[in-house]
Amino acid sequence: MTKHKLCKGMVLGALVGGAVMLFDKGTRRYVTGKTRSAGTSCKKFVAHPSTAVHSVRMNYESFAQCINKGIDDVLTILNKAEEALKKLSEIEKDVSQQLEAVDDSKEAS
């Protein structure tokens, strides 16, 4: 029961807030313009459903390409970081070997 009241209260609050914001002339113009634009787009898609399907498909393919490119970029960065860590590890081994050699030569003297 409380969920039902909560949802009603949220919807009512959003409606009241939206109505109050429409007192501003700039907001009314913006909402009117966006509503007309959305209506025009909907009419075009209803009149030409194949265009809508094509548009959705093209947007999906574009999104998928962006995701794939991002993943490839992340993998490239991770590979470079791994190579850098390997080089640092090799340098650390070389330095420790050189320090041991110096310590051994001091002990021998």
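Structure's up top.
The structure displayed is predicted, hence computed values, not measured ones.

A. Fine view of the pattern of salt bridges. One pass over the structure, following the stated rule, counts two salt bridges. Glutamate 61 serves as the salt-bridge partner of arginine 57, at 3.2 Å between the closest nitrogen and oxygen. Of the two residues, arginine 57 and glutamate 61 are both situated in helix α3 (residues 49–108); the distance of four residues between them amounts to about one turn of the helix. Judged by relative accessible area, which is 53%, arginine 57 ranks as exposed. Ionic pairing is found between aspartate 73 and lysine 69, a salt bridge with its closest N-O pair at 3.1 Å. Of this pair, aspartate 73 and lysine 69 both sit in helix α3, four residues apart, which is roughly one turn of the helix. Accessibility expressed as a relative area gives 38% for aspartate 73, which makes it partly exposed. On the accessibility criterion, lysine 69 (53% relative accessible area) is exposed.

B. Summary view of a nonpolar patch on the surface. A surface patch of nonpolar side chains, amounting to about 560 Å² of accessible area, comprises Phe63, Ile67, Ile71, Val74, Leu75 and Leu78. Take leucine 75: it is sitting in helix α3.

Definitions and cut-offs
Residues numbered from 1 in each chain as written. Predicted model: local features only at pLDDT ≥ 70, side-chain atom pairs only at ≥ 80, totals over all residues. Heavy atoms only, no water. Salt bridge = Lys/Arg side-chain N within 4 Å of Asp/Glu carboxyl O. Helix = DSSP H or I, 4+ residues; strand = E, 2+ residues; numbered from the N terminus. Buried < 20%, exposed > 50% of the residue type's maximum accessible area, 1.4 Å probe, protein only. Patch = residues over 30% accessible without salt bridge, like charges linked within 9 Å, V, L, I, M, F, W, Y side chains within 5 Å. Areas by Shrake-Rupley, 256 points an atom, 1.4 Å probe, with all protein chains shown as cover.

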